[in-house]
Each structure stands twice: as C-alpha cells, then as structure tokens.
Amino acid sequence: MSTTASGPATTEQSPAPTPTPVVRVSVPKRTLRSELRAIKVVWFRELIRFRTDRMRMVTTLVQPFLFLFVLGAGLQRLSSAGTHGVALRTFIYPGILCISVMFTAMFSAASIVWDREFGFLREMLVAPVSRGAIVIGKCLGGATVAGFQGVIMICIAGLVSVPYAPVMILEVLVLQLLLAFALTAFGVMMAARMNQMQSFMALMQMVIMPLFFISGALFPVAGLPAWLNILNRLDPITYAVDPIRRAVFAHLDISEVARHALAPGVTWWGWRLPGVFEAALVAMIGVGLLSIAIVRFSRTE
C-alpha cells in the first residue's frame, strides 16, 4: 500500500515593478524678454563667427578693391572726357561702398545653409523661441557685420580724393546698414528652403551681380536707354546707390556741371526723389523681405 503525500501548493509571486520616474520638462513661456534674448544671441553669434573668420574679412574686401583701384585706374583715360575732370575711382566710390556690404550680407545669409548641413539649425529650431526671432537676429547680425566692412571702405575715402566729412560718413553708414539689412533679409528668404551651399551661392551670383550692375553703381543714371532706364528704376539697390552718391558728391570740390552730370539723382516721371525718401524705400523693402523670410522660415521642416 503506497501513500502519496502532497504538500500545500505554493505560487511564487514576482515583486511589483518599480515605477519609472517621470521627468517633467517645463518649457518656458514665450515672452517679449525671451524673444529679445534670442535675437541678441543669434546676433552675437554672427559677430563671433565674423571675428574668428579672418579669411572671410580679407576675401570680402578683394572685389571692392579690384573695382575701385584696378578698374578705376585702368579705365581712367577712356572715361576722362565724360567725367568732367573727376577721377573715375572717385565717381565709382559710392557704388563700391554698396558692393562692399552686398557680398558680406550674402555670406551672412549663407550661414543658414551651412547650419542646416551641419545640423546646428535643427538645434536652433527646437529652442522655445519663435523662428521669427531667429530670422531677425540673423538679419541684424548680417547688417552689423556688413557695417563693419563698410567702415573699412569709408576709411580709405582719402585715397580716392573724398573728404572725411562727419555728416557724409554718418549718412553713408546709415544707408549701408539699411542696404545690408535688406540684402541679408533677401538672402535668408532664399536660404530658407535650400539644402546645398553650391545652389545658394549660384543663385546669389545670378541675382546680386545683375542688380549691382543695373543699379548705376558704375555709371550715371541720367540719359540711359529706355530699357535700361526701366530696369534701373525697378532695381532696389538703385535707391541705396543714389543717396550714397549724392551724399559723397555733396562734399566734393567739383563744378556744378560735373555734379549735375555725374550725380543727377533718380527721377520718377520728372520728380527727383529726395534722399530721405530713397532711404525710407530701402528700409520698407528690407522690412517686406524680412516678413517674407519669417513666413518661409516658419514653414521649414
């Protein structure tokens, strides 16, 4: 006779899992102070990048110096009859003041494409600030950097027989900053959807160089052929070149005939535009381009 003894059934229970702690992330609210701080950070970053990139400082000055001293000296004899005794490099100096900030502004806008390629732009976009603040900071930074380049060109005014008049220097600097701001906004607007630096630079060369040559930076805007006169009036850079030229020529010791022939001013149906109106027009164009850049940048993935 066999007896089977069975003990009480036991069930092993696993310990309850330890709850995973939840890390609470608090995103600060967007305030005017935080937006202004973001603008300041992006603006200051542009200054740091420019200060540490000495090669960029040098290369952006090469083209203005070539236009001013090589082209100006080489074509002096051919143009002496049409400049009323004014040196060609003195005449084209206001246009060179514009081109000195144009390329610097374009390089500042191009940094958006670099930031996208290297992933830094993604880090900026996830920050708890509006994308408009990033765009505004970028445009202000580009205008400030281009203003530094403009100051360098203003410092060599004596080499082209242009006096260092304080009023002229102030007017030129303000106009350069307005132009640089507008061009940086234009560059940011175009760079908002671009992923390759080669495409961006090719587009800028295709747009900026024609705008520069049509603006009257290298020739008077009076007596142009009808087709060129229309393009000149449609060119926004015209309204930065003209007041700068008028500010410079107002302080040159030349005859009234030469001043009227070389700096006639831009006219609309016979009305000569005041310099203040042209400066305001450049500022309005810059604000309009900035608004478009903010909209395009806000839609960027």
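Residues numbered from 1 in each chain as written. Predicted model: local features only at pLDDT ≥ 70, side-chain atom pairs only at ≥ 80, totals over all residues. Heavy atoms only, no water.

## Some points on the overall build of the chain
Within the chain, the regular secondary structure consists of twelve helices and two strands. Start at the N end of the chain and walk to the C end: the helices and strands fall as α-α-α-α-α-α-α-α-α-α-α-β-β-α. The proportion of buried residues among the 301 residues of the chain is 45%. Within the chain, contacts between residues separated by at least 24 positions form 79% of all contacts whose residues are at least 6 apart in sequence. By element, 67% of the accessible surface of the chain is carried by carbon and sulfur atoms, the whole surface being about 16,600 Å². (Helix = DSSP H or I, 4+ residues; strand = E, 2+ residues; numbered from the N terminus. Buried < 20%, exposed > 50% of the residue type's maximum accessible area, 1.4 Å probe, protein only. Contact = heavy atoms within 4.5 Å. Areas by Shrake-Rupley, 256 points an atom, 1.4 Å probe, with all protein chains shown as cover.)

## Re the pattern of salt bridges
For the structure shown, the criterion picks out four salt bridges. Residue Lys-138 is joined to Glu-46 by a salt bridge in which the shortest nitrogen-to-oxygen separation is 2.5 Å. Of this pair, Lys-138 sits in helix H6 (residues 131–155) while Glu-46 sits in helix H1 (residues 32–52); the two residues are 92 residues apart in sequence, bridging distant segments of the chain. Classification of Glu-46 as buried rests on a relative accessible area of 2%. Note that Arg-246 is salt-bridged to Glu-278, the shortest N-O span being 3.4 Å. Here Glu-278 lies in helix H12 (residues 275–298) and Arg-246 lies in helix H10 (residues 238–249), a separation of 32 residues in the sequence. One salt-bridge network, in which partners are shared between bridges, spans Asp-242, Arg-246 and Glu-278. (Salt bridge = Lys/Arg side-chain N within 4 Å of Asp/Glu carboxyl O.)

## Some points on the confidence of the model for the chain
This prediction gives the chain a mean pLDDT of 81; 86% of its residues lie at or above 70. Within the chain, the lowest mean pLDDT, 65, falls on helix H3 (residues 76–79), and the highest, 92, falls on H10. Throughout residues 1–6 the model reports pLDDT below 50, and contacts reaching past four residues in sequence, or to other chains, amount to zero contacts. (pLDDT = per-residue confidence, 0-100.)

## A closer look at the packing of aromatic side chains
Within this structure, the stated rule accounts for ten aromatic pairs. Aromatic side chains Trp-268 and Trp-271 sit 6.5 Å apart centroid to centroid with 65° between the ring planes, which places their arrangement in the edge-to-face category. Accessibility expressed as a relative area gives 42% for Trp-271, which makes it partly exposed. Through successive ring pairs, a cluster of aromatic residues spans Tyr-239, Trp-268, Trp-271 and Phe-277. Looking at Arg-245, its charged tip hangs above the ring of Phe-91, at a distance of 4.3 Å from the centre. (Phe/Tyr/Trp six-rings, centres within 6.5 Å; stacked < 30°, edge-to-face > 60°. Lys NZ or Arg CZ within 6 Å of the ring centre and 35° of its normal.)

## Concerning the nonpolar core
Among the nonpolar cores identified, the biggest contains 82 residues, and Leu-68, Tyr-93, Val-162, Leu-179, Leu-183 and Phe-200 are the most heavily contacted of them. The greatest single-element share of this core, amounting to 17 residues, is contributed by helix H4 (residues 88–117). Setting aside its immediate chain neighbours within four residues, Leu-68 contacts Ala-73, Arg-89, Ile-92, Tyr-93, Ile-96, Met-153, Ile-156 and Val-160. (Core = buried A, V, L, I, M, F, W, Y, C linked by side-chain atoms within 4.5 Å.)

## Some points on the packing of H1 against H4
Between two packed helices, what matters for the description is the angle formed by their axes and the separation of those axes. Closest axis-to-axis distance for the H1/H4 pair is 12 Å, and the angle between their directions is 95°. As far as their axial angle goes, H4 and H1 are roughly perpendicular. Mapping the contact onto sequence places Arg-45, Glu-46 and Arg-49 in H1 and Ser-108, Ser-111 and Asp-115 in H4. Classifying every residue of the contact of H1 with H4 by side-chain character gives no nonpolar, two polar and four charged. (Axes fitted to C-alpha atoms, helices over the stretch in contact; angles between N-to-C directions. Parallel < 35°, antiparallel > 145°, perpendicular 65-115°, else oblique. Nonpolar A, V, L, I, M, F, W, Y, C, P; charged D, E, K, R; others polar.)

## Regarding a nonpolar patch on the surface
On the surface, a cluster of nonpolar side chains totalling about 350 Å² of accessible area is made up of Val-58, Val-62, Leu-66 and Val-70. Along the chain, Val-62 turns up in helix H2 (residues 54–74). (Patch = residues over 30% accessible without salt bridge, like charges linked within 9 Å, V, L, I, M, F, W, Y side chains within 5 Å.)

## Concerning the packing of H1 against H2
H2 packs onto H1 with a crossing angle of 80° between their chain directions and a minimal axis gap of 4 Å. Relative to H2, the element H1 lies roughly perpendicular. Here Phe-50, Arg-51 and Thr-52 of H1 come into contact with H2, specifically with Arg-54, Arg-56 and Met-57. Of the residues contributing to the contact of H1 with H2, the split by class is two nonpolar, one polar and three charged.

## As for the side chain of Asp-242
Considering the arrangement of structural elements, one finds Asp-242 in helix H10. The class for Asp-242 is buried, based on a relative accessible area of 7%. Reaching out from Asp-242, the side chain makes a polar contact with the backbone nitrogen of Val-266 at a distance of 3.5 Å. (Polar contact = N/O pair within 3.5 Å; in protein donor to acceptor, adjacent residues only side chain to side chain.)

## Description of the side chain of Arg-233
For Arg-233, the position within the fold is in helix H9 (residues 226–234). No salt bridge forms around the buried Arg-233; measuring N to O, its nearest opposite-charge neighbour Glu-278 is 8.1 Å away. If we skip the residues at most four places from it in the chain, Arg-233 touches Val-221, Tyr-239, Val-266, Thr-267 and Trp-268. (Lys, Arg positive; Asp, Glu negative; His and termini not counted.)

## Details of the environment of Leu-231
On the secondary structure map, Leu-231 appears in helix H9. It is 6.8 Å that separates the C-alpha atoms of Leu-231 and Ile-214, two residues lying 17 residues apart in sequence.

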